[in-house]
Amino acid sequence: MKKLNLYRDIVGEDIINQLKQLAEPLKGIKVVHVNSTKLGGGVAEILHKLLPLKEELGIKASWEVVTGESEFYNCTKNFHNGLQGNAVPVDQRLLRIYEQTNAENADRLREKLADADIVFIHDPQPAMLLHYIPERKGKWLWRCHIDASRPFRPIWKYLRSKVEGYDASIFSLADFAQHLPNTQYLILPSIDPLSEKNIELEEKEIDSICEKYNIDRERPMMSQISRFDRFKDPIGVIKAFKLAKKFTPGLQLVLAGGGATDDPEGEAVLNEVRAAADGDPDVNILLLPPDAHRIINAIQRASDIVLQKSVKEGFGLTVTEGMWKGKPLIGGDTGGIRLQVINHHTGFLVNSPEGAALRIRYLFNHRDKMIEIGNNAREFVRENFLITRHLREYLTLMLAMLHYQDKGRIELS
Ligand code: UDP
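Residues numbered from 1 in each chain as written. Predicted model: local features only at pLDDT ≥ 70, side-chain atom pairs only at ≥ 80, totals over all residues. Heavy atoms only, no water.

Per an unreviewed UniProt entry, the protein carries the name Glycosyl transferase family 1 and comes from Muiribacterium halophilum. Its UniProt record gives the protein a comment under Subunit (unreviewed entry), which states: "Homodimer." In its Sequence similarities (unreviewed entry) section, UniProt records this for the protein: "Belongs to the glycosyltransferase group 1 family. Glycosyltransferase 4 subfamily." (UniProt positions renumbered as here; feature names shortened; annotations may be inferred.)

Draft legend 1. Just the UniProt feature "domain: Trehalose synthase N-terminal" (unreviewed entry) in the protein, in detail. Taking the UniProt record as the reference, the feature "domain: Trehalose synthase N-terminal" (unreviewed entry) is found at residues 33–178. With 46% helix and 16% strand, residues 33–178 has end C-alpha atoms that lie 22 Å from one another. (Helix = DSSP H or I, 4+ residues; strand = E, 2+ residues; numbered from the N terminus.)

Draft legend 2. Examining the nonpolar core more closely. The biggest cluster of nonpolar side chains holds 53 residues, and the ones touching the most others in it are Phe120, Leu395 and Met398. Among the elements that line this core, the one with the most residues is helix H16 (residues 387–404), at eight residues. Here Leu395 is in contact with Leu19, Leu22, Ala23, Leu26, Leu57 and Ile59, once residues within four sequence places are set aside. Of all hydrophobic cores here, the second largest spans 39 residues; its members include Tyr73, Ala106, Val119 and Cys144. (Core = buried A, V, L, I, M, F, W, Y, C linked by side-chain atoms within 4.5 Å. Buried < 20%, exposed > 50% of the residue type's maximum accessible area, 1.4 Å probe, protein only. Contact = heavy atoms within 4.5 Å.)

Draft legend 3. Representation of the site of the ligand within the structure. The local shell around the ligand holds 15 residues, among which Gly42, Arg227, Lys232, Gly258 and Glu321 are the closest. Interatomic distance of 2.5 Å between a backbone N/O atom of Gly258 and an oxygen atom of the ligand. Contact distances for the ligand include 2.4 Å between an oxygen atom and a side-chain N or O atom of Glu321. Elements represented by at least two residues in the shell around the ligand include exactly helix H3 (42–56) and helix H12 (317–324). With three residues, H12 is the largest single contributor of residues to the shell around the ligand. Among the residues making up the shell around the ligand, the classes are represented as two nonpolar, seven polar and six charged. (Near = heavy atom within 4 Å. Polar contact = N/O pair within 3.5 Å; in protein donor to acceptor, adjacent residues only side chain to side chain. Nonpolar A, V, L, I, M, F, W, Y, C, P; charged D, E, K, R; others polar.)

Draft legend 4. Summary view of the packing of aromatic side chains. With the rule as written, the count across this model stands at eleven aromatic pairs. Between Phe72 and Tyr73 the ring centres are 5.3 Å apart and the planes differ by 70°, which places this aromatic pair in the edge-to-face class. Of the two residues, Phe72 and Tyr73, neither departs from the other in class, the shared state being buried. Centre to centre, the rings of Tyr98 and Tyr158 are 6.2 Å apart; their planes meet at 65°, and the pair counts as edge-to-face. On the criterion of sequence distance, the pair formed by Tyr98 in helix H5 (residues 92–114) and Tyr158 in helix H7 (residues 153–163) is long-range, its members being 60 residues apart. On the basis of relative accessibility, which here comes to 0%, the residue Tyr98 falls in the buried class. Chaining the aromatic ring pairs together yields one cluster made of Phe72, Tyr73, Phe79, Tyr98 and Tyr158. Geometry around Trp140 places Arg136 over its ring, the cationic atom sitting 5.7 Å from the centre. (Phe/Tyr/Trp six-rings, centres within 6.5 Å; stacked < 30°, edge-to-face > 60°. Lys NZ or Arg CZ within 6 Å of the ring centre and 35° of its normal.)

Draft legend 5. Region of the structure containing the sheet that holds strand S11 (residues 329–332). One open sheet accounts for six strands, arranged S9-S8-S7-S10-S11-S12; its pairing is parallel. The open sheet has two edge strands with one neighbour each: strand S9 (283–287) and strand S12 (347–350). Neighbour-to-neighbour, the strand axes of the sheet open up by a mean angle of 20°, direction not taken into account. By the bridge criterion, five bridges tie strand S8 (residues 252–257) to S9 in an arrangement that is parallel. In the sheet register, Leu253 faces S9, and the bridge partner there is Val283. (Pairing = 2+ DSSP bridges. Axes fitted to C-alpha atoms, helices over the stretch in contact; angles between N-to-C directions.)

See below:
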């Protein structure tokens, strides 16, 4: 099915034509993306949507996943937490497991990766493949999706030595970029407005999903959709809810999320969240399977306000998703949320549960503002954070890597 043309109604004809023109010189090239999960989290979400569009434009795009034992994921979760600034242990034994796992995956993927014209390695999990595949034809790019603005130094020192050999690196925000010897590019993530997660839903479908999950559509409701991860601050959301409900009769909170297959901490955090909710019947904690896209879509659409109270956030696709549904966003004042939530225009940035509660109260007391800010949020996403813009930047980057990079340094932003 020709999917690209379906975006015409949303972004306009010119944008689609521009994508086709940009892809013309790239037809037939082999591009491989490598990450560590096909299920859960923003990276998988984006790759599922981007790859078919690249294919439709004539690029031979494929996606590989590195796999390992549980200790490998414990190690890479430490990397993730360390890049986001936590003082995590630097356990030499786990580092050896990380290296060994990458070596084994390199053996399995060598032929495919060595032969590709462009290889995108996402995040730290597969970062050492470069080291174990020295004979390679194409350009290799390390794509860091994590807020690495203030990394825990010992972790960054180790990882830096693994990623400095890439031909280029890509970060989501200038703030996250680290000193590296290669060219650095900035590309912001995006959402797909035609995916199950974001497509328009009929009211009756929203009603029936809400009924199934015990959400009362007659009462005010706010939600946060996230992996159960401490950086997403689900406990802070519950605190904000407890304060806000004193002023908003009947208020309900939905905290919905699942784990990612590469995230070993989810269960412990979920238990903490349940303890914080303390049996409050208006706090609805939903553990969702990884393919619950329409359910998430419906919950976001049924919300009056969408929250993403993270204390660290690479970008926050859930923010984009909520805004696309015309909801005012109350988001943590951090990372990529700052690029999306423009105070008083598309939502509010907050630094504490008390701050969040204040904004929740304001919005429920000013329904006209709730609608106005929600409409602004949707338009802001249309202009900046849809998959068509993202695809254009990837195409431009690939052109730069294959045709210009050796002839002179150019940088995109
Ligand atoms: N998501 C999901 N199920 C869940 C939790 C999250 O499908 O239980 C999706 C969510 O809708 C979003 C992505 O996973 O598309 C999370 O991306 P984000 O950038 O918000 O956070 P990350 O998990 O990458 O830190």
